[in-house]
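In case you want the letters, here they are:
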Amino acid sequence: MSTETNAPSPPETDWDKAHDSAEFKELRARLRRFVFPVSALFLLWYLLYVLLADYAHGFMSTKLVGNINVGLVFGLLQFVSTFVITGLYVRYANKKLDPLAEKIRTDIESEAK
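Residues numbered from 1 in each chain as written. Predicted model: local features only at pLDDT ≥ 70, side-chain atom pairs only at ≥ 80, totals over all residues. Heavy atoms only, no water.

### Thoughts on the pattern of salt bridges
Turning to step 1, where the next piece is worked out: Enumeration over the complete set of coordinates arrives at six salt bridges.
Turning to step 2, where the next piece is worked out: Here glutamate 26 makes a salt bridge to arginine 30, at a shortest N to O gap of 3.0 Å. A residue pair is termed a helical-turn pair when its members lie 3 or 4 positions apart in one helix, as glutamate 26 and arginine 30 do in helix 2 (residues 22-55) at four residues.
Turning to step 3, where the next piece is worked out: Relative accessible area serves as the criterion here: at 23%, arginine 30 is assigned to the partly exposed category.
Turning to step 4, where the next piece is worked out: Notably, a salt bridge pairs glutamate 109 with arginine 105, separated by 2.8 Å at the nearest N-O pair. (Salt bridge = Lys/Arg side-chain N within 4 Å of Asp/Glu carboxyl O. Helix = DSSP H or I, 4+ residues; strand = E, 2+ residues; numbered from the N terminus. Buried < 20%, exposed > 50% of the residue type's maximum accessible area, 1.4 Å probe, protein only.)

Structure, rendered in structure tokens:
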């Protein structure tokens, strides 16, 4: 039994042209303007946490409330900062990236027809 269909093949898309377009270059630039600085800040924040945990035992073991110390708060703030970054990225993507990506997609689909 053959599984061949007579459906037409999808039209060819010139991906090199789409990749070289001004809109795509702008999309990449916008993404990089967010991702690189935020990644660098988060890595510095994480490195600070690791260095303090390794070399500043007295500071990190300072009790704040009951058995909660600075090290625990810093550790929990690592998780909080991850969620904050995710929220910031979603807001940035919705505002700056998605409209341009939608325009690029629409242009590619209209050219392929």
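Anyway, onward from the coordinates.
### Focus: a nonpolar patch on the surface
Turning to step 1, where the next piece is worked out: A grouping of Leu64, Val65, Ile68, Leu72, Leu76, Phe79 and Phe83 is seen on the molecular surface, where their side chains present a nonpolar patch of about 740 Å² in accessible area.
Turning to step 2, where the next piece is worked out: Within the residue set of the nonpolar patch, elements represented by two or more residues are strand 1 (63-65) and helix 4 (70-112).
Turning to step 3, where the next piece is worked out: Ranked by residues supplied to the nonpolar patch, first place goes to helix 4 with four residues.
Turning to step 4, where the next piece is worked out: Here phenylalanine 79 is to be found in helix 4. (Patch = residues over 30% accessible without salt bridge, like charges linked within 9 Å, V, L, I, M, F, W, Y side chains within 5 Å. Areas by Shrake-Rupley, 256 points an atom, 1.4 Å probe, with all protein chains shown as cover.)

### Here we look at the nonpolar core
Turning to step 1, where the next piece is worked out: Ala18, Leu27, Phe34, Tyr92, Ala93, Leu97, Leu100, Ile104 and Ile108 form the largest nonpolar core, which has nine residues in total.
Turning to step 2, where the next piece is worked out: Secondary structure elements with two or more residues in this core: helix 2 and helix 4.
Turning to step 3, where the next piece is worked out: Element by element, the count of residues in this core is highest for helix 4, at six residues.
Turning to step 4, where the next piece is worked out: Ignoring anything within four residues of it in the chain, the contact list for alanine 18 reads Phe24 and Ile108.
Turning to step 5, where the next piece is worked out: Counting five residues, the second largest nonpolar core, distinct from the first, contains Leu52, Ala56, Met60 and Phe74. (Core = buried A, V, L, I, M, F, W, Y, C linked by side-chain atoms within 4.5 Å. Contact = heavy atoms within 4.5 Å.)

### Notes on the packing of aromatic side chains
Turning to step 1, where the next piece is worked out: For the structure shown, the criterion picks out five aromatic pairs.
Turning to step 2, where the next piece is worked out: With a centroid separation of 5.6 Å and 55 degrees between ring planes, the pair formed by phenylalanine 34 and tyrosine 89 is classed as tilted. Of this pair, phenylalanine 34 sits in helix 2 while tyrosine 89 sits in helix 4, placing them 55 residues apart in sequence.
Turning to step 3, where the next piece is worked out: Among the residues examined, phenylalanine 34 registers a relative accessible area of 12% and is labelled buried. (Phe/Tyr/Trp six-rings, centres within 6.5 Å; stacked < 30°, edge-to-face > 60°.)

### Topic: the environment of glycine 75
Turning to step 1, where the next piece is worked out: Within the element layout of this structure, glycine 75 appears in helix 4.
Turning to step 2, where the next piece is worked out: On the accessibility criterion, glycine 75 (13% relative accessible area) is buried.
Turning to step 3, where the next piece is worked out: The spacing of glycine 75 and tyrosine 46 is 29 residues in sequence and 9.2 Å in space, taken between C-alpha atoms.

### Some remarks on the environment of arginine 105
Turning to step 1, where the next piece is worked out: Its place among the elements puts arginine 105 in helix 4.
Turning to step 2, where the next piece is worked out: On the basis of relative accessibility, which here comes to 39%, the residue arginine 105 falls in the partly exposed class.
Turning to step 3, where the next piece is worked out: The spatial distance from the C-alpha of arginine 105 to the C-alpha of alanine 18 is 9.3 Å, given a sequence separation of 87 residues.

### With respect to the UniProt feature "transmembrane region" (unreviewed entry) in the protein
Turning to step 1, where the next piece is worked out: If you check UniProt for "transmembrane region" (unreviewed entry), the listed places come out as residues 34-52 and 72-90 in our numbering.
Turning to step 2, where the next piece is worked out: Along residues 72-90, the helical share is 100% and the strand share 0%, with 28 Å between the first and last C-alpha atoms. (UniProt positions renumbered as here; feature names shortened; annotations may be inferred.)

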